[in-house]
Amino acid sequence: MLKVVVKYEDKIIENNLPPANLIGVAIEASSFMLEKTTIKVKTNKSSFNSIQLRGLNLVIHKDQNYIVEPLNINPDNLEQIIVVNNTDLNPGINTIRIIDNELKQWSERQIYISPISKKNYDVIKNNQQENNIKLAAFSNLTNNMVSISVLPVETKSIDDNNSIIAGLTINPYIKTSLLNSNYYLNDVNRLKYYELDLALLNQESLKYDWEYMKLQPPTANYSFDIGINLKGTIANPLKSKSFHKVKLVSSKEFITASADVTENGTFEFQNLLLTDSTYVNLSLHKQPNFEYVDAKLALQVVNRKKLYNKVFTGLIEKNCNSENDTIKIVNFDLPHFKEKTIQLKEVVSKNKKKQLTYGNILSNRMLRGHKIDLTNNSSSILNFIEGNGFKVERTIGKIKIYSRLPGVLQLPTPIVYIDDRQLYFDYYELEFLKMDDLDEIYINSLALVPSINNNLGIIRIYTKKQQNTYSKKPHPNSFFVKDAFSKSSTFQNLEYENASSNGFNNFGTISWFTKTISDSNGNFTFDILDYNKKNCKIIIEGMNTDGQIFHEEKVVQLK
């Protein structure tokens with residue numbers, strides 16, 4: 001019996017190799033070239049006599065997607081090489097199997113196809129104003145939705161065993177989660193992919209057994225039920241209803257979708273991730289030029305309340321550690337927070353003079369503040385903006401705002417915020433706002449904005465309760481979605497007693513931005529509080545418009 005001996009540091013690991021099988025088919029695969037995967041299928045003369053009448057097929061599959069390639073092995077050439085473009089395979093774990101025509105499996109192995117984009121983010125310090133540091137991120141990936149974590153470089157809070165990439169493309173397809181996955185997936189290169197390939201080869205067994213799947217073919221137990229479905233009808237009589245589409249726009253959620261119209265005049269939008277108390281805008285269009293058609297559209301939510309399939313049943317007592325099976329606990333320095341501090345949400349002044357609640361905020365000091373009261377709450381917010389140095393263009397389904405500059409052909413656009421939430425793609429959300437919903441407006445049509453889009457002017461709008469900016473229907477084809485998903489909360493960092501302690505360096509958080517969307521050039525900026533650190537670690541995770549996920553870690557100089 002053959003034995004393998006491996007020496008690692010001061011340890012010697014010995015293991016017996018399984019006995020060789022004289023009859024079989026071998027697979028050799030190389031998927032770490034990043035562009036192509038080379039697969040070599042090889043057998044011997046003894047095996048050929050057993051399989052020549054059965055026929056062999058190369059099967060590469062992941063989930064419901066598969067490639068089947070008949071093999072042509074003959075006595076004069078007992079091996080065959082197949083080259084597959086990685087773009088023809090599915091990102092993540094793919095399983096290669098050699099199956100004969102009688103569905104007997106002769107060999108199997110797994111390969112990994114990288115879903116990681118080669119276009120990385122670059123993050124630099126842009127400028128600093130008092131206690132805030134502005135950082136700028138650059139990439140060729142446009143309109144991405146990303147999450148940004150800013151941590152001390154010495155942080156111990158990062159789990160190197162998991163990331164968004166490993167969690168979605170590797171761990172669901174193997175028996176045991178991949179250890180130290182960030183080692184293979186950060187700063188990717190051919191050597192890292194070669195080592196990842198070795199890790200996949202050294203699994204004791206694959207998660208999905210072919211013989212079991214033949215007896216019990218996998219079935220979809222649950223349909224994809226994330227999100228809510230909106231189903232509607234068209235009240236107007238139309239000819240050739242199937243030549244029409246219904247467009248849905250949610251400026252709040254950055255969602256634009258279209259649905260086909262059936263001959264019965266119905267349409268449906270499925271799996272929409274909409275937050276509670278959200279307005280969606282509907283419009284009917286005729287193909288092929290997507291011309292607007294004036295029509296009355298009725299809409300309803302058809303799957304608002306659903307049971308949760310994966311119910312948490314609690315811990316099972318037999319799986320708990322006994323008194324003799326204790327876990328060693330390492331004492332780390334933890335950050336200390338300021339105590340006995342009361343955060344005031346608002347200040348009420350008894351002076352007769354109108355007091356601006358948000359006037360002392362640094363970003364509002366260069367803007368002209370307006371307190372909204374009974375004297376001006378009957379007008380439109382767009383009319384108010386027009387009367388304060390801006391030009392407003394109204395079209396069906398879209399609002400555009402420009403800063404007025406005489407003699408300029410292409411007018412610049414301002415930066416608009418609602419309760420510190422920036423509006424990115426268009427300003428159509430402002431049509432839903434009524435003046436009596438607002439508390440204060442800070443505005444300056446000539447305020448300089450440091451950006452690569454040559455923006456000019458700032459509009460900051462604060463609502464009275466900072467809850468729902470959609471309180472009334474602007475027109476009949478707007479639909480108010482109730483009982484949907486909870487609203488996303490902005491991360492609020494706690495105040496630390498000492499940002500220079502080992503506790504802060506171990507587990508402190510400088511900032512966290514749960515959802516940031518890059519512009520059409522792939523760039524975005526974000527501000528962090530200055531904790532007097534020379535540098536920081538930035539983790540960027542997200543997904544681009546093609547569904548490609550990415551995870552990157554950067555160290556950025558702050559001083």
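Residues numbered from 1 in each chain as written. Predicted model: local features only at pLDDT ≥ 70, side-chain atom pairs only at ≥ 80, totals over all residues. Heavy atoms only, no water.

Undergrad: I'd like a description of the side chain of D100, backed by residues and values.
TA: Position of D100 among the secondary structure elements: in strand β8 (residues 92-100). Judged by its relative accessible area of 2%, D100 falls in the buried class. Here the side chain of D100 touches R54 through a polar contact of 3.0 Å, side chain to side chain. (Helix = DSSP H or I, 4+ residues; strand = E, 2+ residues; numbered from the N terminus. Buried < 20%, exposed > 50% of the residue type's maximum accessible area, 1.4 Å probe, protein only. Polar contact = N/O pair within 3.5 Å; in protein donor to acceptor, adjacent residues only side chain to side chain.)

Undergrad: Which residues make up the packing of aromatic side chains, and what values go with them?
TA: Considering all chains together, one arrives at 12 aromatic pairs under this definition. Both rings, one in F491 and one in W512, keep their centres 5.7 Å apart while their planes meet at 65 degrees; by these two values the pair is edge-to-face. Within this pair, whereas F491 is found in the loop between β27 (478-481) and α7 (502-507), its partner W512 is found in strand β28 (residues 511-517), the two being separated by 21 residues in sequence. The class of F491 is partly exposed, set by a relative accessible area of 28%. By relative accessible area, which is 37% here, W512 ends up partly exposed. Cluster of aromatic residues (ring-pair linked, three or more members): Y358, Y442 and Y462. Taking NZ or CZ as reference, K192 lies 4.8 Å from the ring centre of Y183, over its face. (Phe/Tyr/Trp six-rings, centres within 6.5 Å; stacked < 30°, edge-to-face > 60°. Lys NZ or Arg CZ within 6 Å of the ring centre and 35° of its normal.)

Undergrad: Got a sec to walk through the environment of T256? Specific residues and values, please.
TA: Here T256 shows up in strand β15 (residues 255-260). For T256, a relative accessible area of 58% corresponds to the exposed category. Considered as a pair, T256 and V280 are 24 residues apart in the sequence and their alpha carbons are 9.7 Å apart. Leaving out residues up to four positions away in the same chain, T256 has contacts with K247, L248 and V249. (Contact = heavy atoms within 4.5 Å.)

Undergrad: Got a sec to walk through the nonpolar core? Specific residues and values, please.
TA: In this structure, I381, I385, I401, L430, L438, I441 and I461 are the most contacted members of the largest nonpolar core, which totals 24 residues. Ranked by residue count, the leading element in this core is helix α6 (residues 381-386), at four residues. Apart from the residues lying within four places of it in its own chain, the contact partners of L430 are I381, L382, I385, I401, V416, I418, L423 and I461. (Core = buried A, V, L, I, M, F, W, Y, C linked by side-chain atoms within 4.5 Å.)

Undergrad: Lay out the sheet that holds strand β29 (residues 524-529) with the relevant residues and their values.
TA: Taken in spatial order, the three strands make up an open sheet running β10-β11-β29, and their pairing is antiparallel. Each edge of the open sheet is held by one strand with a lone partner, namely β10 (122-129) and β29. Along the sheet, successive strands turn relative to each other by an average axial angle of 30 degrees, direction set aside. The pairing of strand β11 (residues 132-138) with β29 spans six bridges and is classified as antiparallel. Bridging across to β29, A136 finds its partner in T525. (Pairing = 2+ DSSP bridges. Axes fitted to C-alpha atoms, helices over the stretch in contact; angles between N-to-C directions.)

Undergrad: How would you sum up a nonpolar patch on the surface? Please name residues and give values.
TA: Nonpolar side chains collect at one region of the surface, where L2, V4, V6, Y8, I13 and L17 lie side by side and expose about 570 Å² of accessible area between them. Position of I13 among the secondary structure elements: in strand β2 (residues 11-16). (Patch = residues over 30% accessible without salt bridge, like charges linked within 9 Å, V, L, I, M, F, W, Y side chains within 5 Å. Areas by Shrake-Rupley, 256 points an atom, 1.4 Å probe, with all protein chains shown as cover. Salt bridge = Lys/Arg side-chain N within 4 Å of Asp/Glu carboxyl O.)

Undergrad: Please provide a residue-by-residue account of empty space enclosed by the protein, values included.
TA: Taken as a whole, this structure holds one cavity of 30 Å³ or more when the rule is applied. Here the largest cavity is characterised by a volume of approximately 40 Å³. Residue contributions to the lining of the largest cavity peak at three residues, all from helix α4 (residues 190-201). Of the residues contributing to the lining of the largest cavity, the split by class is four nonpolar, one polar and one charged. (1 Å grid on protein atoms, 1.4 Å probe; cavity = no way out; pocket = protein on both sides within 12 Å on 5 of 7 lines; lining within 4 Å. Points joined across faces, edges and corners; volume = space filled by probe spheres on them. Nonpolar A, V, L, I, M, F, W, Y, C, P; charged D, E, K, R; others polar.)

Undergrad: Could you give an account of the sheet that holds strand β4 (residues 36-42), with specific residues and numbers?
TA: Across the sheet, which stays open at both edges, the three strands sit in the order β3-β4-β7 with antiparallel pairing between neighbours. At either end of the open sheet lies a strand with only one pairing partner, and these are β3 (26-30) and β7 (79-85). The average angle at which neighbouring strand axes cross in this sheet is 15 degrees, direction not considered. Bridge analysis of β3 against β4 gives five bridges, and the strand direction is antiparallel. Note that in β4 the partner of E28 across the bridge is K40.

Undergrad: Please give an account of the pattern of salt bridges that cites residues and values.
TA: One pass over the full model with this rule turns up 14 salt bridges. One salt bridge connects K214 with E211, and the closest N-O pair in it is separated by 3.3 Å. Within this pair, K214 and its partner E211 are both found in helix α5 (residues 210-215), separated by three residues, close to a single helical turn. Here K214 falls in the partly exposed class, since its relative accessible area comes to 34%. In this structure, the salt-bridge partner of D260 is K245, at a minimum N-O distance of 2.3 Å. Remark: K245 occurs in strand β14 (residues 244-250) and D260 occurs in strand β15; sequence separation between them is 15 residues. What makes D260 exposed here is its relative accessible area of 53%. Residue K245 is classed as buried on the basis of its relative accessible area, which comes to 17%.

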